[in-house]
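Spelled out from the first residue to the last, the chains are:
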Amino acid sequence: MRSLLSLIIGVSVALMACSTPPENVSLKVSETILASDSMDKTMMCSLVAQLDSMLTPEIFGRDFGVTVVNAIENDSVIDAKELNRRVEMLRKCLIDKKGTRHSQLFADGVQSYVNGLSIERQMALYVKIATPEQLGTALRIDCYRNESDSAEVQQRADVLKAIYNEAEYSAFLKYYNR
């Protein structure tokens, strides 16, 4: 009798798993964060609470990175200031709900996705969300970091030269060469 019950439960679980396509809650949460007309901390934290406890923060970070990059590349994202506000709010909710380590692993997941993009694609994204002065400062800081590869930083600056107009590139260089 016990083995029959176990068999019935096993078959039921298998049928449910096969009949329902897997839902990527992580991508849905990411899309909602970007697509919502307005986002406050209560709404953000309720979205974070929807995330599956089995989902690693790195995977959520990568999914969020995919969503943000797609939105930026398709010019369908809120402005950069609002995007930064939402990301900061998301990080605070992750810390509140799941802890600082979880938030850092989320950020690492986002960064790992961005790092996997070509340098040209990365710089095209950064141009859309940061000013030439901000990028100049960021690349200057990268030059002085021990783990930074100066040839890669120079390659990034060269890519920006191809993207920016003369005035923008001049503003970038002013902060890059400080």
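The structure this text deals with has already been given above.
Everything numeric here is computed off the predicted structure, so don't read it as measured data. (Residues numbered from 1 in each chain as written. Predicted model: local features only at pLDDT ≥ 70, side-chain atom pairs only at ≥ 80, totals over all residues. Heavy atoms only, no water.)

Moving on, we get to helix 9 (residues 150–163). End to end, helix 9 covers 20 Å across 14 residues, agreeing with the expected 20 Å (1.5 Å per residue, within 8%). Taken together, the buried positions of helix 9 are occupied by V153, R156, A157, V159 and L160. The buried side chains of helix 9 occupy one side of the element, clustering within an arc of 160° when seen end-on. Of the exposed residues in helix 9, the ones pointing more than 90 degrees away from its buried face are K161 and A162. Buried-residue contacts for helix 9 involve helix 7 (119–129), helix 8 (132–144) and helix 10 (166–176). (Helix = DSSP H or I, 4+ residues; strand = E, 2+ residues; numbered from the N terminus. Expected span 1.5 Å × (residues − 1). Buried < 20%, exposed > 50% of the residue type's maximum accessible area, 1.4 Å probe, protein only. Arc of directions from axis to C-beta. Contact = heavy atoms within 4.5 Å.)

Moving on: the pattern of salt bridges. Taken as a whole and judged by the stated rule, the model has six salt bridges. Of the charged contacts in the structure, one is a salt bridge between K128 and D75, with a shortest N-O distance of 3.2 Å. Of this pair, K128 sits in helix 7 while D75 sits in the loop between helix 4 (57–73) and helix 5 (80–98), placing them 53 residues apart in sequence. K128 gets classed as partly exposed once you look at its relative accessible area, which sits at 42%. (Salt bridge = Lys/Arg side-chain N within 4 Å of Asp/Glu carboxyl O.)

Another aspect to go through is the packing of helix 3 (residues 41–50) against helix 5. Taken N-terminus to C-terminus, the directions of helix 3 and helix 5 make an angle of 55°; their axes are 9 Å apart at the nearest point. Put simply, helix 3 runs oblique to helix 5. The crossing of helix 3 and helix 5 is right-handed. Where helix 3 approaches helix 5, its residues K41, M44, C45 and V48 are matched on the opposing element by R86, M89, L90, C93, L94, D96, K97 and K98. Class assignment for the residues of the contact of helix 3 with helix 5 results in seven nonpolar, no polar and five charged. (Axes fitted to C-alpha atoms, helices over the stretch in contact; angles between N-to-C directions. Parallel < 35°, antiparallel > 145°, perpendicular 65-115°, else oblique. Left-handed = near helix turned anticlockwise from the far one by under 90°. Nonpolar A, V, L, I, M, F, W, Y, C, P; charged D, E, K, R; others polar.)

Counted according to the given criterion, the structure contains one cavity of 30 Å³ or more. Computed from the structure, the largest cavity encloses a volume of approximately 30 Å³. Contributing to the lining of the largest cavity are L51, D52, L55, T56, P57, F60, K98 and H102. Residues of the lining of the largest cavity, tallied by class, amount to four nonpolar, two polar and two charged. (1 Å grid on protein atoms, 1.4 Å probe; cavity = no way out; pocket = protein on both sides within 12 Å on 5 of 7 lines; lining within 4 Å. Points joined across faces, edges and corners; volume = space filled by probe spheres on them.)

Another point: the layout of surface pockets. Its boundaries defined by the atoms lining it, the largest pocket holds a volume of some 1,300 Å³. Among the secondary structure elements, those contributing two or more residues to the lining of the largest pocket are helix 4, helix 5, helix 6 (100–115), helix 7, helix 8 and helix 9. Split into classes, the residues belonging to the lining of the largest pocket amount to 20 nonpolar, seven polar and eight charged.

So, on to the packing of helix 2 (residues 25–35) against helix 4. Taken N-terminus to C-terminus, the directions of helix 2 and helix 4 make an angle of 45°; their axes are 9 Å apart at the nearest point. It follows from the interaxial angle that helix 2 and helix 4 lie oblique. The way helix 2 lies across helix 4 gives a crossing that is right-handed. Packed against helix 2, whose contacting residues are S26, L27, V29, S30, E31, I33 and L34, the element helix 4 presents I59, F60, D63, F64, T67, V68 and A71 at the interface. The class makeup of the residues in the contact of helix 2 with helix 4 is nine nonpolar, three polar and two charged.

One finds I33, M44, F60 and L90 to be the most contacted residues of the largest nonpolar core, which totals 25 residues. Residue contacts for M44: discarding those within four places in its chain leaves I33, M39, R86, M89, L90 and C93. Judged by nonpolar contacts, the second largest core, of 13 residues, contains M123, V153, V159 and Y176. (Core = buried A, V, L, I, M, F, W, Y, C linked by side-chain atoms within 4.5 Å.)

As a further point, take the state of the cysteines. Inspection of the entire model under this criterion finds one disulfide. Two residues, C45 and C93, share a disulfide whose sulfurs are 2.2 Å apart. On the sign convention where negative means left-handed, the S-S torsion of about -85° between C45 and C93 marks this disulfide as left-handed. In this pair, C45 is assigned in helix 3 and C93 in helix 5, connecting sequence segments 48 residues apart. Here C45 matches C93 in class, with each residue buried. (Disulfide = S-S within 2.5 Å.)

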